[in-house]
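Listed here are the chains, written in short residue letters.
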Amino acid sequence: MFKSILFKNDSDKMQAQKAAMPEFFTDLNIDQIVDTLTSKKHEYDLKPFFYTKLEDVDAIKYRQEIMKDLENEQLSEKIRNFEDKMRTMRGYLGQSDKLSYKYQKERWFLDGVELYCDAVLTLTNDISCIEIKSEGFISFREYLNNYVNSDTFRSLDTWTKKLEDDLSKIKYALFIKGNTIKVKKYESEKNYSQEIEEIFEKFKQDSVKDYRVKFSELPDMNHVEAKILDFIAALYPEIFSDLDEFYAQNSNYGDKIIITFDREIQFYLSYVEFMSQFKRNGLSFCYPEISDGSKEFYAYQTFDLALGIKLINDEKPIVCNDFYLKGRERIFVITGPNQGGKTTSARTIGQLHYFANIGCPVAGKSAKISIFDKMLTYFEREESINDLRGKLEDDLFRINKLLNMATPKSLMIINEIFSSTTFKDALFLSEKVMEQIFDLDLLCVWVTFIDEIASMNEKVVSMASTVVPDNPAVRTYKVIRKPAEGLSYAISIAEKYHLTYNMLKERVKS
Amino acid sequence: MKTFLMFRNRDFDLKQPLPPSADYLVQDLELNTLFNAMSSGDAFIFDVSKKTVLLSLVYSDPILYRQEILKDCIKNPSTIRNIYALAIEGIESEKKTYFGFFNKYPDAILHSSIEVLNLFMGTLKKIRKIADEESDKFESNGFKRFFNMIKTELTDEYFEIIEDHLKELEFKSGMLIGADIGSGNKGKNYIILKPNEKKQNWLSHVFSKEEAYTFTISDRDERGAEALGHIKDMGTNLVANAVAQSADHILNFFGMLRNELAFYIGAINLYEQLSKLDEPVCFPVPESSDERIHDFDELYDVSLALTKKQKVIGNTLNLDEKNTVIITGANQGGKSTFLKSIGQSQLMMQCGMFVAAKRFTANISNGIFTHFKREEDTKMNSGKFDEELKRMDEIVNNLKKNSIVLFNESFSATNEKEGSEIARQIVTALIEKNVKIFFVTHQYEFAHGLYEKKVDNIFFLKAERNADGSRSFKLSAGEPSQTSYGIDLYRKIFHEDLVQKI
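Being a predicted model, the structure only gives us computed values, none of them experimental. (Residues numbered from 1 in each chain as written. Chains lettered and ligands numbered in written order. Predicted model: local features only at pLDDT ≥ 70, side-chain atom pairs only at ≥ 80, totals over all residues. Heavy atoms only, no water.)

**Student:** Explain empty space enclosed by the protein to me, please; I cannot follow it from the model alone.
**Tutor:** Over the atoms, a rolled probe matching the size of one water molecule traces out where space is still vacant. Taken as a whole and judged by the stated rule, the model has five cavities of 30 Å³ or more. Each pocket or cavity is described by its volume, and for the largest cavity that value is around 90 Å³. Of all elements in the fold, only strand S1 (171-177) and helix H11 (223-235) of chain A together with strand S2 (187-194) of chain B reach the threshold of two or more residues within the lining of the largest cavity. In terms of residues, the lining of the largest cavity owes the most to one element, H11(A), which gives four residues. In the lining of the largest cavity, the residues fall into nine nonpolar, two polar and two charged. (1 Å grid on protein atoms, 1.4 Å probe; cavity = no way out; pocket = protein on both sides within 12 Å on 5 of 7 lines; lining within 4 Å. Points joined across faces, edges and corners; volume = space filled by probe spheres on them. Helix = DSSP H or I, 4+ residues; strand = E, 2+ residues; numbered from the N terminus. Nonpolar A, V, L, I, M, F, W, Y, C, P; charged D, E, K, R; others polar.)

Below you can see the structure in the form of structure tokens.
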């Protein structure tokens, strides 16, 4: 029996109900990512879903499979149609509640029910024509099929359609002279504005300004409109008494499971939309292989999602990097010039782990990521400067707290620690911390200016941000295991502008 | 109704963006001098002339179409200026009424539209009169078609029908409005209906026997009267829109007439000024872009002539079959002037104008680009070279085969060895991609390297230097030589300074 499109385990669902934003979110800029993900979907209150890490591999795979189905645009487009209709439906019901004039109230309600029936039927039909593979969707499809074939739903749908059809066919005419209005049925009189358009047709050029006045259409009616509607009801009495009865009988029409689905599915849709912005810019996402217990990690052609959002908005290119740990490798130590992508790399690795652990695809061409129990981050904080403890003491206090919480399944991310003391002290303290990390055997990313710790032992992988060799002012934002080599001055500028002989031959259109 | 004076079968779009190369072309070829001469101080004509010159045509048929029309204009300048004045009169009459103002009442929109339409009819009648009286004197297809259209579309009967409708639209005897039931059961799709024929008198509706309900809003019910006014406004909305849009369409017709005549007015102005200087002009022969043709007599720098207000020296050359022309030689020897005249004539030909030469034939280019050394750039060398290549990159983004690129001392912001190598790579690649090139250079290594290759379609020109060091400002065929005679120039300046000091 279908329960939820988002949670395979009830325990995860319970967690999500009381979830608050995890502390490391701001360090890793995941808060910004989640803001972007949910910015157009406030009404669904999606953030708690993004705050909740899943407990086991099965629950993650349940989501991965559903997300894969939704990456099929045929399916996501259909779900979006459903979402639009459900949203409009909620608007209509709100309108019905607010208005006081009887025939208006009843009509907004009827239109809401019509949208609901249409949304459910269309979705049922759409899903049956599209190939779906995930356990979650297959079970939801079965639920929908049973529901739309139930008597309750069928009779609701038939009645709604008949009434809508009757109302839409009504056409009437008003003859206005002075203060007198006559209301009558329409008798095929011709549209006068068409005649005017035909006369001036020969002057028609490109499109011109639209002179139609936009009337501020309030949903309620004034007494003249109400009077006219009463007369229309008198011209068509059967239709309007049927409307009265429909309203009286159908107040509890919506199905709870379907309404919950409408909210939960937004988790996936928001992520699919989010990924598509990047994909349009030539970047990749992949479904990471999830393991529980393995220390192997890799992510190729990956990037920082939060920075990526900004770069895309500014129409700037995003630089991808490769990260991997194999064998006994556990710790990335990242050094190199400032503003070169070091902190970005640390955040990227944190984000990779987090999004993998909530069942989402991650930035990159391929990735393997483990389930972690705790994300432990150390980033410099402005506010701690006012603290009674000195900066160095605060650093030690915080890192000690993190080390005490850490288990071999934790992920630790350290960004520029011990920057407020002498180099000698910083080296000493860093080595001490590093030894504890070795003992814990956990995965760690450490951004530092202390080159010495990059070569402490075989668990450490040294990576460095890089610059254009002949122009050290220019950052490449590449963080790599090895530096690259340079080019002669004039040719390297020509290459930068793609103006060498070979490049030009490719560029000029024949 | 289309004026079709700029293109045989489409409108001239003033909003079309200029090509990315436009700013460089204007600066490098000193085109503002040309546009100023065309505009005679009229900002609108300046704008249209600039766009027309920079939005080059790339086929000979549309070029010849404009040439024919321009020939008619040069023969009948006062008729053209009269029609242009009427187009402006039409546009101005819109400003005399409240038409076009932002308005939220359809009733007010309707009435101001009727008013402006009445004025428009007056101006259209005047244009008809010119067509009746002057059209015999025009020979071009463009003008023949234009005058014919005026005569067949704007007949006396048509003017009468319009005036009848403008009266009927006042709704003196009541208004019939149709509507459907929309969301929330409110009325929607309000439209004015024309009552069915059988009821001759609109008033008879009120008393007919059909099923109907009538009510009257009492005189004291102000909100009721407001609500009724609102319904009438919603009803009138579409008709008012149709009338106002018709007025806009006619206004656009005047606008289009003005747009499409402005270039020709500009060309007449230029023609008259060059005639006064006794400078020759001719209608060029445009050849296909696949050809390599450049053959001219007394081609001169039109901006230089306009600035100096006198006849200037021109060049007579035949560069047929040549894809690439490398120009070397004496400083102040007329190299840049020649390069400018090549660019100007290409643009003038490809906008359908006459060119500044006694005789001119050239192949059409699919795009015209300039890459001139920037004198004013005083930044450190590395930045300057970077800037040069950045501009080249922008050019290449828009480059197609059979385009033309004019280089003036390009890639010289680095040492000669590196600069020559970059120039060589770029020029070789462009030649292989069938891009036509004129290149003024002092880089001996680059120019000589190409000369040594002895390729048939590369031609070498040299600025002449007389034995006494004076210049003729004419170019002729010649092998690149190692010195640019800059020493002459220094000597001249040094000498002048000396004289001044004494």
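**Student:** Please explain the packing of aromatic side chains as it appears in this structure.
**Tutor:** Note on aromatic pairs: each is described by the distance of the centres and the angle between the planes. Scanning the entire structure with this criterion turns up 57 aromatic pairs over all chains. The interplanar angle of 65° and the centroid separation of 5.9 Å between the aromatic rings of Phe7(A) and Phe49(A) together place this pair among those described as edge-to-face. Linking Phe7(A) in the segment before helix H1 (10-17) with Phe49(A) in helix H4 (residues 47-51), this pair joins segments that are 42 residues apart in sequence. The same class applies to Phe7(A) as to Phe49(A), namely buried. Each residue in the set Phe24(A), Phe25(A), Tyr51(A), Tyr271(A), Phe274(A), Phe278(A), Phe285(A), Phe303(A), Tyr354(A) and Phe355(A) is aromatic and connected to the rest through ring pairs, giving one cluster. Cation over ring: Arg10(B) sits above Phe7(B), and NZ or CZ is 3.8 Å from the ring centre. Directly above the ring of Phe7(B) sits Arg66(B), whose terminal nitrogen or CZ lies 4.8 Å from the centroid. (Phe/Tyr/Trp six-rings, centres within 6.5 Å; stacked < 30°, edge-to-face > 60°. Buried < 20%, exposed > 50% of the residue type's maximum accessible area, 1.4 Å probe, protein only. Lys NZ or Arg CZ within 6 Å of the ring centre and 35° of its normal.)

**Student:** What is the right way to look at the environment of Lys462(B) in this model?
**Tutor:** Residues and elements named next belong to chain B. Within the secondary structure, Lys-462 sits in strand S12 (residues 458-463). In this structure the C-alpha to C-alpha distance between Lys-462 and Pro-480, which are 18 residues apart in sequence, comes to 7.1 Å. Setting aside its immediate chain neighbours within four residues, Lys-462 contacts Thr-328, Gly-329, Lys-474, Leu-475, Ser-476, Gly-478, Glu-479 and Ser-481. A distance of 3.3 Å separates a polar side-chain atom of Lys-462 from the backbone oxygen of Glu-479. (Contact = heavy atoms within 4.5 Å. Polar contact = N/O pair within 3.5 Å; in protein donor to acceptor, adjacent residues only side chain to side chain.)

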